[in-house]
Every structure is written in C-alpha cells, then in structure tokens.
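Here are the chains, one letter per residue:
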Amino acid sequence: QVQLEESGGGLVQAGGSLRLSCAASKSIFAINSMGWYRQAPGKQRELVATISSRGSTNYADSVKGRFTISRDNAKNTVYLQMNSLKSEDTAVYYCNFVIALYPYWGQGTQVTVSS
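Quantities reported herein were computed from a predicted structural model and do not represent experimental measurements. (Residues numbered from 1 in each chain as written. Predicted model: local features only at pLDDT ≥ 70, side-chain atom pairs only at ≥ 80, totals over all residues. Heavy atoms only, no water.)

Trainee: Quick rundown of the overall build of the chain? Include the residues and the values.
Mentor: When helices and strands are tallied, the chain shows zero helices and eleven strands. Helices and strands appear in the chain in the N-to-C order β-β-β-β-β-β-β-β-β-β-β. Taking 2.2 N^0.38 as the reference for a compact globule, 115 residues should give roughly 13 Å; the C-alpha atoms of the chain span a radius of gyration of 13 Å, in line with that estimate. Scored against the burial criterion, the 115 residues of the chain give a buried share of 44%. Of the contacts made within the chain by residues no fewer than 6 positions apart, 54% connect residues no fewer than 24 positions apart. Carbon and sulfur atoms make up 47% of the accessible area of the chain, which totals about 6300 Å². A gap of 5 Å separates the mean positions of the 11 positive and 7 negative side-chain charges of the chain. (Helix = DSSP H or I, 4+ residues; strand = E, 2+ residues; numbered from the N terminus. Rg over C-alpha atoms; globule rule 2.2 N^0.38 Å. Buried < 20%, exposed > 50% of the residue type's maximum accessible area, 1.4 Å probe, protein only. Contact = heavy atoms within 4.5 Å. Areas by Shrake-Rupley, 256 points an atom, 1.4 Å probe, with all protein chains shown as cover. Lys, Arg positive; Asp, Glu negative; His and termini not counted. Charge placed at Lys NZ, Arg CZ, Asp CG, Glu CD.)

Trainee: Any details on the sheet that holds strand 3 (residues 18-24)? Residues and values, ideally.
Mentor: Taken together, the four strands give an open sheet; going across it, the order is 1-3-8-7, and neighbouring strands pair in antiparallel fashion. Two strands close off the open sheet at either side, each with one partner strand: strand 1 (4-7) and strand 7 (67-72). If you compare each strand with its neighbour and ignore which way they point, the axes differ by 15 degrees on average. As defined by bridge partners, strand 1 adjoins strand 3 across four bridges and the pair is classed as antiparallel. Across the sheet, Glu5 pairs through a bridge with Ala23, a residue of strand 3. (Pairing = 2+ DSSP bridges. Axes fitted to C-alpha atoms, helices over the stretch in contact; angles between N-to-C directions.)

Spelled out as structure tokens, the structure:
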C-alpha cells in the first residue's frame, strides 16, 4: 500500500509564496502521473496541475503563470511552487499519484491566503 505525505501548507499573505511537497512512502517503479488538486469550502475538488512521467505539465487557467509543478523521480516526490498567492487560492490541497492507472491521494494540506 502506497501512502502519500504532503507538507508545506500554511498561512501566507496575499502576494506571498508557498511550496508544497508530496512524497510516496516507498519506492515506486512506475508512476504514470503526479498532480495537485484543491478543494475550497463548499466547492468541488478541482485540478490545479499535473505532470506526466515524461515531464509534460498541465495547469488550471486560474494558476497559470503563478504556480509551477515539478517532480523528482528518484525521490518519488512532487512539488508545487505557488507564487503571487491570492485569497481565492485558499483551499485544502491534495496530491495525487497515478500508479498502474490507479489513483492514490494524500491526506491534504491546508493553504490559507489572507488578504
């Protein structure tokens, strides 16, 4: 059983930056893709960014130009660098690994942006 552990969330002022990390509990041979999703209070979970095994990235329009997703395959870790944060970025952020076409989720980390 693979477990994902997120870190890096917290409280930040608007315009600030945070870096989220998500690491798998054990070495994984083939991760199809990694990604970050978020869920704000009263809203559905939404995609933030994904990165494929080949390094191709995809971003939600709302975060393009502000967020950057990256991965370290040797460490089975995915990162999300978040710059120019806005109050509307406040949410619980979840990492997601797709391994052998099966999705695994982290427990979530709170990001709160104060205006």
